[in-house]
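Spelled out from the first residue to the last, the chains are:
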Amino acid sequence: MSDRKALDIVTADAVAAAHDRIEAIVHRTPVDSSTTFADMSGASSVGLKLENMQRTGSFKIRGAYNTMAQLSEQTKDRGVIASSAGNHAQGVALAGDILGIDTTIVVPEVTPAAKIEATRGYGAEVIVEGKIYEHSYEYALELAEEMELEFIHPFNDEGVIAGQGTVGKELIEQYPTLDTVVVSIGGGGLISGIATVLKQHDPSIRVIGVQPAGAYHAKPSLKRDEIRELSEIDTVAEGIADTRLLEKTFTVIREYVDDVVSVSDLEMSVALTLLAERAKTVVETAGAAPVAALLSDAVDVRGEHVAAVVSGGNVNLTEHGELTRTGLMHLGRYAEVEIAVDNWPTGVSAVTTTTESQGAELDVLERTRRTAQDDPNRTPIRVGIEGSGTEHLQSVIDALDSLDELSVTSHTLA
Ligand SMILES: Cc1ncc(COP(=O)(O)O)c(C=O)c1O
């Protein structure tokens, strides 16, 4: 590992220059104060820096634009290339559109059509190549060399790091009492920029990184003081599903980041659910990770003024619905109940009227297949019920089970 220092990579001045460069292009996203999360975490105050409301739905436009605006005219004329299945692709594509630079994005085969369309919508040429991201990355590097295109790295780039740091610069202005900031880490560009600007402003501000338990490489790297690469990753948070830091982000994180913690996919789902319900904001799992960390035991923020960087909101709505259902189940607010009814379909009305009379919401009701063990005289159905909490849902299930015309065969209730 080189003995470079964080200051050799990015300075607060570089972040200030990035800020001047991008100010007219990006949104200065709001910091929304949340009493719910302050109460739940014991913090004096919690501010949500809402980068899910940024152009393209994530902070990525900041870094991409900052780097691309500084390319030589000759390089701009030839165009740029990037590989990404997600937010970086859209950041590069929009920056190219604004700056008049041709952009090519290589995405892996598994990329959902909606994401490809969104990237094309910003004017990029999208090439589908590679089974996994690493293959797309290698192909993009080959194409970059062959076609003399500038490769825009998603995180290991001084300009990208400085651009992402503008989130931290805004935070200082919007939330001057800040004690601790919590930021998710994929390859580490976002936290490197934010940590640089905050630590150079006031070294006592704590900077905490968060990663999914299934892609937790930054802490092991810090512990061993060398970059650790994961051979596999397993998380729903695809925005932060990287296998490792790289030299520049490792150097900055090693010097400026106070700690890195992990959160489970379930914790992120619960945080995403509460962000929708309480903060009225749609986030992707990577964007929910800092709130998940605040609500877990991993970070102690009692009595502090805390900011959570809500880094992105690019999630399709059916997936968001699935995640909130999981979150509600975990919070004891949603139960799936298997019921055997005597008479099909008339027996179903007892289920709907009882659920309703108990003040609960019937979400789904479907007829399921009878198994060999089921009574052939009864029809199995499955219902999803939303209620105000475990006790309420238990009382609904008990009320259903007390009816003569049906019986509850099983249920999931946290
Ligand atoms: C929504 C979201 N949050 C956080 C990150 C992490 O950023 P970085 O790779 O710079 O650590 C990403 C990266 O793509 C992202 O898309």
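Residues numbered from 1 in each chain as written. Predicted model: local features only at pLDDT ≥ 70, side-chain atom pairs only at ≥ 80, totals over all residues. Heavy atoms only, no water.

K.L.:
For this particular structure, what's the right way to read the overall build of the chain?
P.N.:
A tally of helices and strands in the chain yields 17 helices and 14 strands. Its C-alpha atoms give the chain a radius of gyration of 24 Å, within 12% of the compact-globule value 22 Å for 414 residues. With the principal axes as the frame, the chain shows a C-alpha extent of 80 × 50 × 40 Å. Scored against the burial criterion, the 414 residues of the chain give a buried share of 54%. Counted over contacts in the chain with a minimum sequence separation of 6, partners at least 24 positions apart contribute 72%. Split by element, the accessible area of the chain, about 17700 Å² in all, is 46% carbon and sulfur. Taking the average place of the 33 positive charges on the side chains of the chain and the average place of its 64 negative ones, the gap between the two points comes to 2 Å. (Helix = DSSP H or I, 4+ residues; strand = E, 2+ residues; numbered from the N terminus. Rg over C-alpha atoms; globule rule 2.2 N^0.38 Å. Buried < 20%, exposed > 50% of the residue type's maximum accessible area, 1.4 Å probe, protein only. Contact = heavy atoms within 4.5 Å. Areas by Shrake-Rupley, 256 points an atom, 1.4 Å probe, with all protein chains shown as cover. Lys, Arg positive; Asp, Glu negative; His and termini not counted. Charge placed at Lys NZ, Arg CZ, Asp CG, Glu CD.)

K.L.:
Teacher, can you tell me more about unusual backbone geometry here?
P.N.:
Excluding glycine, residues mostly carry a negative phi; peptide bonds, for their part, are mostly trans. Omega for the peptide link from Trp-344 to Pro-345 comes to 0°, which places this bond in the cis form. The residue Pro-345 is located in the loop between β11 (334-341) and α16 (348-357) in this model. For Thr-56, which is not glycine, the phi torsion reads 70° and is therefore positive. With phi around 55°, Lys-280 is a residue other than glycine that occupies positive phi space. In this structure, Lys-280 sits in the loop between α13 (265-277) and α14 (285-295). Owing to a relative accessible area of 67%, Lys-280 belongs among the exposed residues under this scheme.

K.L.:
What should I look at first to understand the site of the ligand in this one?
P.N.:
Around the ligand sit 16 residues, and of these Asn-87, Gly-186, Gly-188, Gly-189 and Ser-311 come closest. In this structure, Asn-87 approaches the ligand through a side-chain N or O atom, which is 2.7 Å from an oxygen atom. Backbone polar atom of Gly-189 to an oxygen atom of the ligand: 2.8 Å apart, as the coordinates give it. Protein contacts shield 95% of the accessible area of the ligand, which totals 390 Å² for the unbound molecule. (Near = heavy atom within 4 Å. Polar contact = N/O pair within 3.5 Å; in protein donor to acceptor, adjacent residues only side chain to side chain.)

K.L.:
How should I be thinking about the sheet that holds strand β4 (residues 103-107) in this particular structure?
P.N.:
Hydrogen bonding along the main chain pairs the strands of a sheet, whether they run parallel or antiparallel. Taken in spatial order, the four strands line up as β5-β4-β3-β6 in an open sheet, and their pairing is parallel. In the strand order of this sheet, the two ends are held by β5 (125-128) and β6 (150-151), each with one partner. Both strand β3 (residues 80-83) and β4 contribute to a ladder of four bridges, which runs parallel. Paired with Ser-83 across the two strands is Val-106, which belongs to β4. (Pairing = 2+ DSSP bridges.)

K.L.:
Is there a simple way to think about the domain arrangement of the chain in this case?
P.N.:
How big an interface is tends to be reported as the loss of accessible area on association of its parts. What the domain assignment reports for the chain is domain 1 (6-58 + 159-326), domain 2 (60-157) and domain 3 (332-413). On a C-alpha basis, the centres of domain 1 and domain 2 stand 23 Å from each other. The interface is formed by 36 residues belonging to domain 1 together with 22 residues belonging to domain 2. Taken over both partners, the interface formed by domain 1 and domain 2 buries close to 2400 Å², and the fraction arising from carbon and sulfur atoms is 54%. As a salt-bridge pair, Lys-115 and Glu-238 come within 2.9 Å of each other at their nearest N and O atoms. At the junction of domain 1 and domain 2, the tally comes to 16 residue pairs in polar contact (both at pLDDT 80 or more). At the level of elements, α2 (12-22), α9 (158-174) and α12 (247-256) are the ones that each hand at least two residues to the side of domain 1 that touches domain 2. Of the residues contributing to the side of domain 1 that touches domain 2, the split by class is ten nonpolar, 15 polar and eleven charged. (Domains from an automatic or database assignment. Buried area = accessible area lost by both parts, 1.4 Å probe. Salt bridge = Lys/Arg side-chain N within 4 Å of Asp/Glu carboxyl O. Nonpolar A, V, L, I, M, F, W, Y, C, P; charged D, E, K, R; others polar.)

K.L.:
Sorry if this is basic, but what is going on with the packing of aromatic side chains here?
P.N.:
Here the distance between the centres and the angle between the planes together describe a pair of aromatic rings. Inspection of the entire model under this criterion finds two aromatic pairs. Ring plane angle 70° and centroid distance 5.7 Å describe the contact between Tyr-137 and Phe-151, whose orientation is recorded as edge-to-face. Of this pair, Tyr-137 sits in helix α8 (residues 133-147) while Phe-151 sits in strand β6, placing them 14 residues apart in sequence. Through a chain of ring-to-ring contacts, the aromatic side chains of Tyr-133, Tyr-137 and Phe-151 assemble into a single cluster. (Phe/Tyr/Trp six-rings, centres within 6.5 Å; stacked < 30°, edge-to-face > 60°.)

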